[in-house]
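Fold and contact review
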Amino acid sequence: MNNAFELRLEEDLSTLREAGTYKRLRHLTSPTAAHARMAEAGDVVVLSSNNYLGLANDPRVVEAGIAGLRRYGAGTASVRFICGTFEAHRALETKLAAFLGFPAALTYASCWAANEGLLPTVGTAGNTLISDELNHASIIDACRLAGAKRVRFRHADMDDLEAKLREAEGQAFIVTDGVFSMEGSVAKLPEIVALAERYGAVTIVDDSHGTGVLGATGRGSIEHFGLHGRVDIVTGTLGKALGGAAGGFVAGGAALVDTLVQRSRTQLFSNALPPTVACSALAAIEVLEAHPELLAKQRENIAYFRAGLVRLGFRPLDGPSAIVPIVVGETALAIEMSERLLAEGVFVTGFGFPVVPEGTARIRVQLAADLTRADLDRALAAFEKARPSTSSG
Ligand SMILES: Cc1ncc(COP(=O)(O)O)c(C=O)c1O
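Residues numbered from 1 in each chain as written. Predicted model: local features only at pLDDT ≥ 70, side-chain atom pairs only at ≥ 80, totals over all residues. Heavy atoms only, no water.

Evaluation of the coordinates by the stated rule reveals 3 aromatic pairs. Ring centres of F305 and F383 lie 5.8 Å apart, and the angle between their planes is 80°; this geometry places the pair in the edge-to-face category. On the criterion of sequence distance, the pair formed by F305 in helix α13 (residues 293-311) and F383 in helix α15 (residues 373-386) is long-range, its members being 78 residues apart. In this structure, F305 and F383 share a single accessibility class: buried. Here the aromatic cluster, defined as three or more aromatic residues joined through ring pairs, consists of F305, F314 and F383. One cation-aromatic arrangement involves R387 over F314; the distance from NZ or CZ to the ring centre is 5.0 Å. (Phe/Tyr/Trp six-rings, centres within 6.5 Å; stacked < 30°, edge-to-face > 60°. Helix = DSSP H or I, 4+ residues; strand = E, 2+ residues; numbered from the N terminus. Buried < 20%, exposed > 50% of the residue type's maximum accessible area, 1.4 Å probe, protein only. Lys NZ or Arg CZ within 6 Å of the ring centre and 35° of its normal.)

Glancing now at the environment of S221. Topologically, S221 is positioned in helix α9 (residues 221-224). S221 sits 150 residues away from L371 along the chain, and the two C-alpha atoms are 23 Å apart. If we skip the residues at most four places from it in the chain, S221 touches G178, V186, L189, V205, D207 and L214. (Contact = heavy atoms within 4.5 Å.)

What follows is about the site of the ligand. Around the ligand, the structure places S110, C111, W112, H136, S138, D177, D206, S208, H209, T237, K240 and G247. W112 has a polar backbone atom sitting 3.0 Å from an oxygen atom of the ligand. Separating an oxygen atom of the ligand from a side-chain N or O atom of H209 is a distance of 2.9 Å. Computed on the free molecule, the ligand has an accessible area of 400 Å², of which 81% lies beneath the protein chains in the complex. (Near = heavy atom within 4 Å. Polar contact = N/O pair within 3.5 Å; in protein donor to acceptor, adjacent residues only side chain to side chain. Areas by Shrake-Rupley, 256 points an atom, 1.4 Å probe, with all protein chains shown as cover.)

Quick look at the sheet that holds strand β2 (residues 42-46) now. Spatial strand order, β1-β2-β11: 3 strands in an open sheet with mixed pairing. Only two strands of the sheet have a single partner each, and these edge strands are β1 (35-38) and β11 (346-347). Bridging between β1 and β2 involves 4 bridges; their strand directions are antiparallel. Bridging from a neighbouring strand, A36 pairs with V44 of β2. With respect to the sheet, α15 is in contact with β1, β2 and β11, its orientation differing from that of β2 by roughly 95°. (Pairing = 2+ DSSP bridges. Axes fitted to C-alpha atoms, helices over the stretch in contact; angles between N-to-C directions.)

See the structure below:
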């Protein structure tokens, strides 16, 4: 062991602790759901999970995973083009494509891997990737791996996007989150699509927080705006509303998906989604399709909790998604508030720099369909007690 190296890391970690920005992992001893059991805090109401439809521990999703494990075993023990791909992958990809309204889809071990597979593959030298400055870290890193010219446009600023489109080289790609994960806001897709059409750009939307949340039937931000057929490529995760395990996908044209099979490095050099996950995610989509009341319940919960926060004097950022951020200012304040909430039995995370810009640290509440009115009332009572005295929220 190189002790000097360990010591340097330890010093760096001490700085984080002193600044109050050190992140502690919480240990759950039960499945995640509206309630979970946490080693550090006992029974908690969960307001910090992407388990938007409450399907992560749904018996139909769990049983489908178990059946997948029994049928296919743990995995193919290699990448798909070398060792083959399971029928379960094809079934899930066919379902995802149909569900999202695209000709084809391809799964990856995560949405991070999907973005990193897609963007360097299409964003080759001589072309231009134009990315919203608040896009998810996986998009930012994936763009860095691309040979294309890389340009950021100011968040949701359509004049800036148009200026960048005018200067673009070769094929331009506009890349945006569908729902911005730290803001809870939705991308201005109608304007983005109109600009893409005017300038011949390809539109790529990462709808990780939109799928299973937005749109009349939970198909995401494209459905929310009625833009089916006008967005070229969608990426997303299976690790949030669609079962919560892990996994991601790209949906788009048949030639795009075939190109990704041939060329995308996180497909060619990384194992497939475990079949348990493929089977659980397929079941999650089927549950969502058969039970629109889940979406209705989630929306009711969002409206109720937002109204409760406002009644208590908080000013959550606006937006139609299941993400309700409350900006408190300094990172240490957000972390301290999340600790006070945990002491009251509410699990919700504080986010600070560098995840969000300096001075805009926040508590990010996420509202799922399986939270009951009693859970929400208990959480609102905890927010009232945990309110920071210096907060602008
Ligand atoms: C917009 C967005 N893209 C990608 C990801 C990464 O998803 P995964 O956990 O499947 O890698 C996330 C997860 O936080 C996300 O919010």
